[in-house]
Amino acid sequence: MIPTYRKLTLCLVLLCTLGAARAADAPATTVPATVPTATAPAVAAPVATAPAAPTPVESAVLDTRIQDIKSDVIKLNRDLLVLEEELLFPANTQVALFVSMDVGKMFELDSVQIKIDDKLVASYLYTPLEVQALHRGGVQRIYVGNLRAGPHELVAFFTGGGPHARDYKRGATVKFDKDTQAKYAELRIKDSSAKLQPEFDIKFWQ
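Everything numeric in this text was worked out from a predicted model, so none of it was measured.

I'd like a rundown of unusual backbone geometry, residues and numbers included.
Excluding glycine, a negative phi dihedral is what most residues carry, and trans is how most peptide bonds are arranged. Within the chain, Asp117 stands out as a residue other than glycine whose phi angle is a positive 55°. On the basis of relative accessibility, which here comes to 38%, the residue Asp117 falls in the partly exposed class. The phi torsion at Asp118 lies on the positive side, around 65°, for a residue other than glycine. Within the element layout of this structure, Asp118 appears in the loop between strand E2 (108-116) and strand E3 (119-125). Residue Asp118 is classed as exposed on the basis of its relative accessible area of 67%.

Describe the environment of Lys119, and please don't skip the residues or the numbers.
Locating Lys119 in the fold gives a position in strand E3. Looking at Lys119, the relative accessible area reads 57%, which means it is exposed. The spacing of Lys119 and Leu154 is 35 residues in sequence and 9.4 Å in space, taken between C-alpha atoms.

Describe the side chain of Glu186, listing the residues and the values that go with them.
In this structure, Glu186 sits in strand E7 (residues 183-192). An unpaired buried charge is present at Glu186: no salt bridge exists, and Arg188, the closest side chain of opposite charge, is 5.1 Å distant. A polar contact of 3.0 Å, which involves the side chain of Glu186, links it to the side chain of Trp205. Beyond its immediate sequence surroundings of up to four residues, Glu186 is in contact with Phe98, Ser100, Asp201, Ile202, Lys203 and Trp205.

Conventions used here
Residue numbers here run from 1 along each chain, matching the order of that chain's written sequence. Owing to the predicted nature of the model, reporting of local features is limited to residues with pLDDT of at least 70; listing and counting of side-chain atom pairs is limited to 80 or more, with chain, interface and lining totals taken over all residues. Side-chain measures here rest on the full set of heavy atoms in the structure, leaving out hydrogens and waters. Relative accessible area decides the class of each residue, using a 1.4 Å probe on protein chains only: under 20% of the type maximum gives buried, over 50% gives exposed, and in between gives partly exposed. A run of DSSP states H or I qualifies as a helix once it reaches four residues; a run of E qualifies as a strand once it reaches two. Both are numbered from the N-terminal end. Only four residue types enter the charge count: Lys and Arg as positive, Asp and Glu as negative, with His and the chain ends excluded. Put simply, a salt bridge is a Lys or Arg side-chain nitrogen that is within 4 Å of an Asp or Glu carboxyl oxygen. For this analysis, a polar contact is any N or O atom pair within 3.5 Å, provided that within protein one partner can donate a hydrogen and the other can accept it, and provided that sequence-adjacent residues contribute only side-chain to side-chain pairs. Between two residues, a contact is recorded if the distance between any of their heavy atoms is within 4.5 Å.

Set out below in structure tokens:
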């Protein structure tokens, strides 16, 4: 008799042999190749095209329009300033003061101080460039304000360098009547060749 453990061993061998034979006889299975996924065709991004450069004629027309707009803005600004001045300083109460210099070789202007009826209304310190502009015939509006009708006193003080490089301070005084019309006065600095010194006076415009 065949021992029990040998029977078990033979069974295991037979089972292994049969399994190997079946595996050898079984048809080989092929793994299906991966089918590539169809991709959507790439859409080309639109190419940005630069705007066409303006022609010389278009540039000239544009420049003309820009200049016209600038002129209109300047004119509008001037009209607004005139309107503002008329509203703030009506003609029946307005008084305006101007500074001018005739030659002025005997006096180097530094500052001007103005009082009306013993009240300080204007004070101005000049730069060398502003003095040069006055030498060339420029006129500066130093003050504009309102005065009631009636008698008034105007006093102007001029400070600067006089003859022989000495500090110089002189004043000019005038009394006037303010009526219902606008009043304009010019504070003038002049050279006196006869006296070899500067002169200062106040002249009202008619």
